Amino acid sequence: MNVAAYEHDGPWTDEEYIALGETSQRVELFDGSLHVTPAPTPRHQRISRKLGNLLEAAAEPAGLDLLEAVNVRLRPGRVVIPDLVMARIIDFDEVYVEAADVRLVCEIVAPGNATTDRVLKMHYHAAAGIDWYLLVEQATGVLRLYRRRNRHFVEDSTGKPGDPLTLVDPVRVSVDPADLLP
């Protein structure tokens, strides 16, 4: 996709956003504005794959699917692309996964995008009613699991390399951050 595709007057609608098509960049829709980030680094992708493998094995017995980098529609005009999404079984041909079907999202914090992952997206996901938010700190390997309380997230538990994070909801799994890091 070239830069001209992003030239647009006024707020973007969901339909205009979807019409952009697939791209190697992550393009998200925040209240009518596009938020564009470059493709993830190899470190990010390794962490995502290894964590996704662990979460997927736990998701299937719970009747959930683990998806990577899919469009999650939090509300009209607000579409995010979390690194990992744990959702109720959905129609795989739909353009969006609706927030009501999502049980957990995971963001692997990129150095240049940390504020977006820790503040903006966290707020948006809580406001949309998603119960669990998992942050992975690439630099330290720390995993932080947040539980929604009303319209905000509060920290539920943490895991550090050598000190695993244990999830009991929405799935049961233990993750040692040391196993995710290159």
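Just so it is clear, the structure is predicted and the values come from calculations on it, not from any experiment.

A. Representation of the overall build of the protein in the model. Secondary structure summary: the protein contains 3 helices and 13 strands in total. A globule of 182 residues ought to have a C-alpha radius of gyration of about 16 Å, and the protein, at 16 Å, matches this closely. In terms of principal-axis extent, the alpha carbons of the protein reach across some 50 × 30 × 30 Å. Across the 182 residues that make up the protein, the buried fraction comes to 46%. Across the protein, contacts joining residues at least 24 apart in sequence account for 46% of those joining residues at least 6 apart. Total accessible area on the protein stands at roughly 9200 Å², and carbon and sulfur atoms take up 48% of it. Averaged over its 19 positive side-chain charges, the protein has a centre that lies 8 Å from the centre of its 28 negative ones.

B. Broad picture of the nonpolar core. With 23 residues, the main nonpolar core has Leu51, Met86 and Cys106 as its most contacted residues. Only α2 (42-59), β3 (64-68), β6 (84-88), β8 (102-109), β9 (132-137), β10 (143-149), β12 (165-167) and β13 (173-175) provide two or more residues apiece to this core. Among the elements that take part in this core, α2 stands out by supplying 5 residues, more than any other. Setting aside residues up to four positions removed in sequence, Cys106 forms contacts with Leu51, Pro82, Asp83, Leu84, Leu134 and Val136. The next biggest cluster of nonpolar side chains, apart from the first, holds 22 residues, and it includes Ile90, Val105, Tyr133 and Tyr146.

C. Local environment of the pairing of β8. Buried residues dominate β8, accounting for 8 of its 8 residues. As paired strands, β6 and β8 are joined by 4 bridges and run antiparallel to one another. Of the residues in β8, the one forming a bridge with Ala87 is Val102. In this sheet, β9 lies alongside β8 in parallel orientation, the contact comprising 6 bridges. Opposite Val109, over in β9, you have Glu137 as the bridge partner. For the handedness criterion, the β-α-β arrangement of β8, helix α3 (residues 114-127) and β9 is classed as right-handed.

D. Region of interest: the pairing of strand β1 (residues 26-30). Counted residue by residue, β1 has 5 buried out of 5 residues, so it is predominantly covered. Covered by surrounding structure in β1 are Arg26, Glu28 and Phe30 together with Val27 and Leu29, the residues of both alternating faces. Pairing of β1 with strand β2 (residues 33-37), which is carried by 5 bridges, proceeds in the antiparallel orientation. Considered in β2, the bridge of Glu28 is made with His35. The hairpin formed by β1 and β2 contains 2 residues between the paired strands, and Asp31 there has a positive phi angle of roughly 55°. Pairing of β1 with strand β5 (residues 78-80) involves 2 bridges; the strand directions are antiparallel. Residue pairing in the sheet places Leu29 in a bridge with Val79 of β5.

E. Expanded view of the packing of aromatic side chains. Summed over all chains, the structure comprises 2 aromatic pairs. Residues Phe30 and Tyr124 carry aromatic rings whose centres are separated by 5.5 Å and whose planes lie at 75° to one another, so their mutual orientation is edge-to-face. Taken together, the residues Phe30 in strand β1 and Tyr124 in helix α3 connect sequence positions 94 residues apart. The class of Phe30 is buried, set by a relative accessible area of 9%. Residue Tyr124 is classed as buried on the basis of its relative accessible area, which comes to 8%. Between the NZ or CZ atom of Arg73 and the centre of the ring of Tyr96, over which it lies, the distance is 5.5 Å. Over the face of the ring belonging to Tyr124 we find Arg78, whose NZ or CZ atom lies 3.6 Å from the ring centre.

F. How the structure looks around the sheet that holds β5. The strand order across the open sheet formed by 5 strands is β2-β1-β5-β4-β7, and the pairing between neighbours is mixed. Across the chains shown, the open sheet's two edge strands, defined by having one partner strand only, are β2 and β7 (97-98). The sheet contacts of α3 involve β1, β2, β4 (72-75) and β5, and relative to β1 the element is tilted by about 50°.

Here is what the cut-offs are and how they apply
- Residues numbered from 1 in each chain as written.
- Predicted model: local features only at pLDDT ≥ 70, side-chain atom pairs only at ≥ 80, totals over all residues.
- Heavy atoms only, no water.
- Helix = DSSP H or I, 4+ residues; strand = E, 2+ residues; numbered from the N terminus.
- Rg over C-alpha atoms; globule rule 2.2 N^0.38 Å.
- Buried < 20%, exposed > 50% of the residue type's maximum accessible area, 1.4 Å probe, protein only.
- Contact = heavy atoms within 4.5 Å.
- Areas by Shrake-Rupley, 256 points an atom, 1.4 Å probe, with all protein chains shown as cover.
- Lys, Arg positive; Asp, Glu negative; His and termini not counted.
- Charge placed at Lys NZ, Arg CZ, Asp CG, Glu CD.
- Core = buried A, V, L, I, M, F, W, Y, C linked by side-chain atoms within 4.5 Å.
- Pairing = 2+ DSSP bridges.
- Right-handed = clockwise from strand over helix to strand, strands pointing away.
- Phe/Tyr/Trp six-rings, centres within 6.5 Å; stacked < 30°, edge-to-face > 60°.
- Lys NZ or Arg CZ within 6 Å of the ring centre and 35° of its normal.
- Axes fitted to C-alpha atoms, helices over the stretch in contact; angles between N-to-C directions.

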